[in-house]
Amino acid sequence: QVQLLESGGGLVQAGDSLRLSCQASGIAFSSYVTGWFRQAPEKEREFVAASTRSGTIVYYSDSVRGRFTISRDNAQNMVSLQMNSLNPEDTAVYFCAAVESTPDPRDARHYNYWGQGTQVTVTS
């Protein structure tokens, strides 16, 4: 069985930081591209960040670049998203996803494993 479990979400004030974690079981992240996506109310699912299998190549959306950092610990089978300088526009449900191979890590349609999501709420 494959399971991706997100944790670390919560309610914070603008300017605060949060660190999200995604723990995998049933697969080894070392063999998978991993990504973070988010969906805000009445908005489509949005790409946030992604990491190649070794973590040597990372991708960020324009809205989070410079504020968010994706990292992985393959030995722990975990991927993290450090979120700094949060603002209310970051409020969304954040999803962890994985796929063994993809021509575009930024495209949610290519991912076949997904977590249930964790809520991040940022107040002004």
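One structure accompanies this document, and this report is about it. (Residues numbered from 1 in each chain as written. Predicted model: local features only at pLDDT ≥ 70, side-chain atom pairs only at ≥ 80, totals over all residues. Heavy atoms only, no water.)

1. Focus: the pairing of strand S8 (residues 78-83)
Taken together, the 6 bridges between strand S3 (residues 18-25) and S8 define a ladder with antiparallel strand orientation. Each residue of the ladder has a partner; that of Ser21, found in S8, is Ser80. Relative to S8, strand S7 (residues 68-73) is paired through 6 bridges, and the arrangement is antiparallel. By the bridge assignment, Ile70 is partnered in S8 with Leu81. Hairpin connection of S7 to S8: 4 residues between the antiparallel strands, including Asn77 at a positive phi of 60°. (Pairing = 2+ DSSP bridges. Helix = DSSP H or I, 4+ residues; strand = E, 2+ residues; numbered from the N terminus.)

2. Observations concerning the pairing of strand S9 (residues 92-99)
In terms of residue burial, S9 counts as a mostly covered element, since 7 of its 8 residues are buried. Relative to S9, strand S4 (residues 33-39) runs antiparallel, the two being bridged by 7 bridges. Looking at S9, one finds that Phe37 is bridged to Phe95. In terms of strand pairing, S9 meets strand S11 (residues 118-123) through 3 bridges, oriented antiparallel. Its bridge partner being in S11, Ala92 is matched across the sheet by Val120. Where S9 meets strand S10 (residues 113-114), 2 bridges bridge the pair, whose relative direction is antiparallel. (Buried < 20%, exposed > 50% of the residue type's maximum accessible area, 1.4 Å probe, protein only.)

3. Digging into the side chain of Asn77
On the secondary structure map, Asn77 appears in the loop between S7 and S8. A relative accessible area of 14% places Asn77 in the buried class. Among the polar contacts made by the side chain of Asn77, one reaches the main-chain amide nitrogen of Phe29 at a distance of 2.7 Å. In this view, Asn77 contacts Cys22, Gln23, Ala24, Ser25, Ile27, Ala28 and Phe29; residues no more than four positions away in its chain are not counted. (Polar contact = N/O pair within 3.5 Å; in protein donor to acceptor, adjacent residues only side chain to side chain. Contact = heavy atoms within 4.5 Å.)

4. A closer look at the sheet that holds S8
The strand order across the open sheet formed by 4 strands is S1-S3-S8-S7, and the pairing between neighbours is antiparallel. Of all strands in the sheet, those bounded by a partner on one side alone are strand S1 (3-7) and S7. Taking the axes of each pair of neighbouring strands and ignoring which way they run, one obtains an average angle of 15° across the sheet. (Axes fitted to C-alpha atoms, helices over the stretch in contact; angles between N-to-C directions.)

5. Examining the environment of Tyr94
Residue position: Tyr94 is located in strand S9. Considered as a pair, Tyr94 and Phe37 are 57 residues apart in the sequence and their alpha carbons are 5.7 Å apart. Sequence-distant contacts of Tyr94, defined by excluding residues within four places in its chain, comprise Glu6, Leu20, Trp36, Phe37, Arg38, Val48, Phe68, Leu81, Met83, Gly117, Thr118 and Val120. One polar contact links the side chain of Tyr94 to the main-chain carbonyl oxygen of Asp90, over a distance of 2.7 Å.

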